[in-house]
Amino acid sequence: KKMKARAPPPPNQPSAASRIHSEHKSPAETAVISDQNLVSMKENMINRLVDFTVILPSGLEQKCTVQGSKAVMDVLVDLCSQYRLNPSQHSLELKSSGTQQVLSYKPNTLIGALDVQTVLLKEKIPEEKAKRPLPRVPEKSVRLVVNYLKTQKAVVRVSPEVPLHNIIPAICEKCEVSQEHIVLLRDGITGEELELTKSLEELGIKELYAWDRKKEPNRKASVSSDAIEKEKTRLLGLFNADRRSSKGFSTAPNSPSVNSRSSSLGSSLSLGNISGMTANPEVKKRRAPPPPVATPVLPSA
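Residues numbered from 1 in each chain as written. Predicted model: local features only at pLDDT ≥ 70, side-chain atom pairs only at ≥ 80, totals over all residues. Heavy atoms only, no water.

Peer 1: Explain the overall build of the protein chain here, please?
Peer 2: What the protein chain contains, in helices and strands, is 10 helices and 9 strands. The buried share of the protein chain, taken over its 301 residues, is 25%. A sequence separation of at least 24 residues applies to 52% of the contacts in the protein chain between residues at least 6 apart. As displayed, the protein chain has an accessible area near 22,500 Å², and 56% of this comes from carbon and sulfur atoms. (Helix = DSSP H or I, 4+ residues; strand = E, 2+ residues; numbered from the N terminus. Buried < 20%, exposed > 50% of the residue type's maximum accessible area, 1.4 Å probe, protein only. Contact = heavy atoms within 4.5 Å. Areas by Shrake-Rupley, 256 points an atom, 1.4 Å probe, with all protein chains shown as cover.)

Put into structure tokens, the structure is as follows:
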């Protein structure tokens with residue numbers, strides 16, 4: 001008895017082996033497909049327009065749009081030419097849109113492949129300058145004469161280029177005035193307050209008046225009247241002393257009153273010292289005048 005041959009499988013049905021093969025692709029094939037997806041994703045990123053904010057070295061912010069297929073180096077060159085800067089002296093710092101973290105890149109990295117939101121255009125610091133600290137230039141300073149408490153004077157060495165409020169601590173320390181109560185005036189007569197935002201150079205002064213609100217209640221009147229009176233007294237004193245000394249030496253050398261006054265002062269003081277002027281050395285060397293001739297005293301009638 002002959003056995004019937006088995007019918008061949010229908011043409012539409014794949015064999016079991018091929019069915020298994022199609023359902024479970026080999027790792028190599030899977031890798032090829034994922035690579036293709038990556039390539040297409042990259043192509044999409046590269047072909048897109050990239051919008052970002054540029055922060056210039058001056059701090060100015062500008063909106064910018066570039067083709068994603070541009071290398072970061074080319075973006076730097078374009079930005080520098082747009083803002084008239086030297087590309088060799090500048091670099092780009094890229095920050096991501098989400099976390100604002102600094103992105104690492106190579107000069108030929110395409111800008112579209114990076115998730116950029118902010119681009120900082122920074123000036124490069126030359127290596128020599130970065131390594132070597134700059135020699136310290138001594139700070140410019142001037143002698144400032146500070147008048148305070150109506151009659152006191154102090155000299156403070158300060159910078160003429162900084163605002164006045166920067167030198168107030170030095171003035172307060174020297175004059176023993178509290179910073180809360182001090183007011184700086186141009187002089188003690190007009191009582192004009194100085195602008196604390198301006199420097200000594202800008203104000204064109206080398207002397208000022210430190211007014212202590214706590215110790216001197218009336219700014220203008222007390223300062224000016226006192227200052228004027230003291231100056232008058234000083235000048236009058238000098239003038240009188242000058243007149244006395246010239247009179248004593250030249251016009252009446254034999255006058256008993258002058259001689260008695262000079263001898264009673266003793267050797268340590270001289271008329272020159274009293275008047276605040278140095279006596280003429282020739283006068284010192286001159287011998288004492290002869291005693292006055294005694295005139296007979298007439299009896300009173």
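Following the structure, the description resumes.
Peer 1: I'm lost on the sheet that holds strand β9 (residues 207-212) in this one. Help?
Peer 2: Across a sheet, strands are paired by hydrogen bonds formed along the backbone, either parallel or antiparallel in direction. Judged by pairing direction, the sheet is mixed, and its 4 strands sit side by side in the order β7-β6-β9-β8 without closing on themselves. Because the sheet does not close on itself, it has two edges, and the strands there are β7 (152-158) and β8 (182-185). The mean inter-strand angle of the sheet, taken between neighbouring strand axes irrespective of direction, is 30 degrees. Running over the sheet, helix α5 (residues 164-175) touches β6 (142-148), β7, β8 and β9 and is turned about 135 degrees from β7. (Pairing = 2+ DSSP bridges. Axes fitted to C-alpha atoms, helices over the stretch in contact; angles between N-to-C directions.)

Peer 1: What is the right way to look at the sheet that holds strand β3 (residues 90-96) in this model?
Peer 2: What the 5 strands build is an open sheet, ordered β2-β1-β5-β3-β4; its pairing is mixed. Pairing within the sheet leaves two strands with one partner each, and these edge strands are β2 (61-67) and β4 (102-103). For strand β1 (residues 49-55) and β2, the ladder comprises 7 bridges, and the chain directions are antiparallel. By the bridge assignment for β2, isoleucine 55 is matched with glutamate 61.

Peer 1: Looking at this structure, how should I read the pairing of strand β5 (residues 116-123)?
Peer 2: Two faces make up the sheet, and in a regular strand the side chains alternate between them. Where β1 and β5 come together, 3 bridges link them in parallel fashion. Among the inter-strand pairings, threonine 53 is bridged to a residue of β5, identified as threonine 118. Both β3 and β5 contribute to a ladder of 7 bridges, which runs antiparallel. In the strand pairing of β5, leucine 94 is matched with valine 119.

Peer 1: Which parts of the structure should I look at to understand the pattern of salt bridges?
Peer 2: Close approach of charged atoms lets side chains of opposite charge pair. Applying the stated rule across the entire model yields 7 salt bridges. Here lysine 122 and glutamate 93 are joined by a salt bridge, their closest N and O atoms 2.9 Å apart. Pair noted here: lysine 122 is in strand β5 and glutamate 93 is in strand β3, with a separation of 29 residues, a long-range link. We note a salt bridge from glutamate 207 to lysine 153, for which the minimum N-O separation is 3.2 Å. One end of the pair, glutamate 207, is in strand β9; the other, lysine 153, is in strand β7, with 54 residues separating them in the sequence. For lysine 153, a relative accessible area of 56% gives the class exposed. When salt bridges with common partners are traced through the structure, they connect Lys140, Glu161 and Glu201 into a single cluster. (Salt bridge = Lys/Arg side-chain N within 4 Å of Asp/Glu carboxyl O.)

Peer 1: Explain unusual backbone geometry to me, please; I cannot follow it from the model alone.
Peer 2: Excluding glycine, residues mostly have negative phi values, and the peptide bonds linking residues are mostly trans. Located in the positive-phi region is arginine 84, a residue other than glycine, with phi close to 55 degrees. Topologically, arginine 84 is positioned in the loop between α3 (72-82) and β3. Arginine 84 gets classed as exposed once you look at its relative accessible area, which sits at 79%. Non-glycine residue leucine 149 carries a positive phi angle of around 50 degrees. One can find leucine 149 in the loop between β6 and β7.

Peer 1: Is there a simple way to think about the side chain of serine 199 in this case?
Peer 2: Inspection of the secondary structure assignment puts serine 199 in the loop between β8 and α6 (200-203). The buried category is assigned to serine 199, whose relative accessible area is 4%. Once residues lying within four places of it in the same chain are set aside, the contact partners of serine 199 are Pro160, Glu161, Val162, Pro163 and Leu164.

Peer 1: Would you mind showing me how to read the side chain of serine 159 here?
Peer 2: Tracing the chain through its elements places serine 159 in the loop between β7 and α5. Since its relative accessible area comes to 7%, serine 159 is described here as buried. Within the structure, serine 159 has its side chain in polar contact with the backbone nitrogen of glutamate 161 (distance 3.2 Å). If near-sequence neighbours (up to four positions away) are discounted, serine 159 is found in contact with Glu139, Lys140, Ser141, Ile167 and Leu200. (Polar contact = N/O pair within 3.5 Å; in protein donor to acceptor, adjacent residues only side chain to side chain.)

On their own, these measurements won't tell you what the molecule is for.
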